Amino acid sequence: MVIFIRIPETRPQAAPGRADGSAEPPVSLLSVFRDAPFMALVGLTLLLALVFQQGSTTLAVDMGASGITSTEYGLVIGLNGLLIVVLQIPLTRWMEGRSRTGLLITSCLLTGWGFGLAALAGSSAWLFALSVAVWTVGEILNTPVMMGLVAELAPTHGRGRYQGVHSLSWSLASFLGPAGGGLLLQHAGPAVLWTACGAVGTVTALGYVVLARRTGAAGRRRPVATEVPAPAVGAPARTATAPAAAEPAVEPAGKAPAGA
């Protein structure tokens, strides 16, 4: 109800058209898959989503094997939801006017190495809690910027297709993440698993740097949808809107800018 009343409609009043008056061609799945910069963004999202999936799967297994009780695990993982409630609004305000590319890079490093801290936790619930706190901040920074960016990269009449393809990265990660993480945990041990999460976060951050340089970035302020991450790790949930960071991280060359 709040969204229905307070969030303005962004759907165009008329069907989009070209300068010569002809209608824009329909956006098909094939045309989305041919959008190389956008698909690179989807690939980077997949990498980070693989890391996030460990929070609801292998993290519990490792904590149990380390002697952490179920009660302690509940308190530790509950910190994720608590921090989102407490920090989402302050961090969203802090993000105003900041580089979108920088925010994405920071979120990837905090997420990857937040999980990486679990390699040092041993049997300490406090250190596991520190790990959760760090990657939760990464989650808060990443979600609003990313979802707003996806909406901007999509043509106005093709937002549904673009959002659908982007969401496939989370669906694929929900299958590959637990399987890959479980295999690493079983055959290589927790230290290798959590170090791999840190490495994936670093690679993803570098990927945003490369993608931003190759596609170009405009320096104008833009409004983007701000989304509060769900307490459980998974696909982000939409909630509200807020001012954007200053620089969009990625914009395909030749695509007009659109107006977390």
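Up top is the structure.
Residues numbered from 1 in each chain as written. Predicted model: local features only at pLDDT ≥ 70, side-chain atom pairs only at ≥ 80, totals over all residues. Heavy atoms only, no water.

**Student:** Describe the overall build of the chain, listing the residues and the values that go with them.
**Tutor:** From N to C terminus, the chain includes 9 helices and 2 strands. Taken from N to C terminus, the helices and strands of the chain fall in the order α-α-α-α-α-α-α-α-α-β-β. Here the chain, with 260 residues, has 43% of them falling under the buried criterion. Carbon and sulfur atoms provide 67% of the accessible area of the chain, an area that totals close to 12700 Å². (Helix = DSSP H or I, 4+ residues; strand = E, 2+ residues; numbered from the N terminus. Buried < 20%, exposed > 50% of the residue type's maximum accessible area, 1.4 Å probe, protein only. Areas by Shrake-Rupley, 256 points an atom, 1.4 Å probe, with all protein chains shown as cover.)

**Student:** Give me helix 8 (residues 159–187): which residues, what numbers.
**Tutor:** Between its first and last C-alpha, helix 8 extends 42 Å over 29 residues, near the 42 Å set by a 1.5 Å rise per residue. When we look at burial in helix 8, the residues that qualify are Tyr162, Gln163, Val165, His166, Ser169, Trp170, Ala173, Gly177, Gly181 and Leu185. Packing partners of the buried residues in helix 8 comprise helix 2 (29–33), helix 3 (36–52), helix 4 (58–65), helix 7 (125–153) and helix 9 (190–215). In the segment just after helix 8, Gly189 is the residue with positive phi, at about 100°. (Expected span 1.5 Å × (residues − 1). Contact = heavy atoms within 4.5 Å.)

**Student:** Hey, could you go over the packing of aromatic side chains for me, with residue numbers and the actual values?
**Tutor:** Enumeration according to the criterion identifies 5 aromatic pairs in this entry. Centre to centre, the rings of Phe115 and Trp135 are 4.6 Å apart; their planes meet at 10°, and the pair counts as stacked. One end of the pair, Phe115, is in helix 6 (residues 100–116); the other, Trp135, is in helix 7, with 20 residues separating them in the sequence. Note on accessibility: Phe115 and Trp135 belong to one class, buried. Ring centres of Phe115 and Trp194 lie 6.2 Å apart, and the angle between their planes is 20°; on these two criteria the pair is classed as stacked. In this pair, Phe115 is assigned in helix 6 and Trp194 in helix 9, connecting sequence segments 79 residues apart. As far as the burial class goes, Phe115 and Trp194 line up, both buried. Three or more aromatic residues joined by ring pairs make a cluster, and in this case those are Phe52, Phe115, Trp135, Trp170 and Trp194. (Phe/Tyr/Trp six-rings, centres within 6.5 Å; stacked < 30°, edge-to-face > 60°.)

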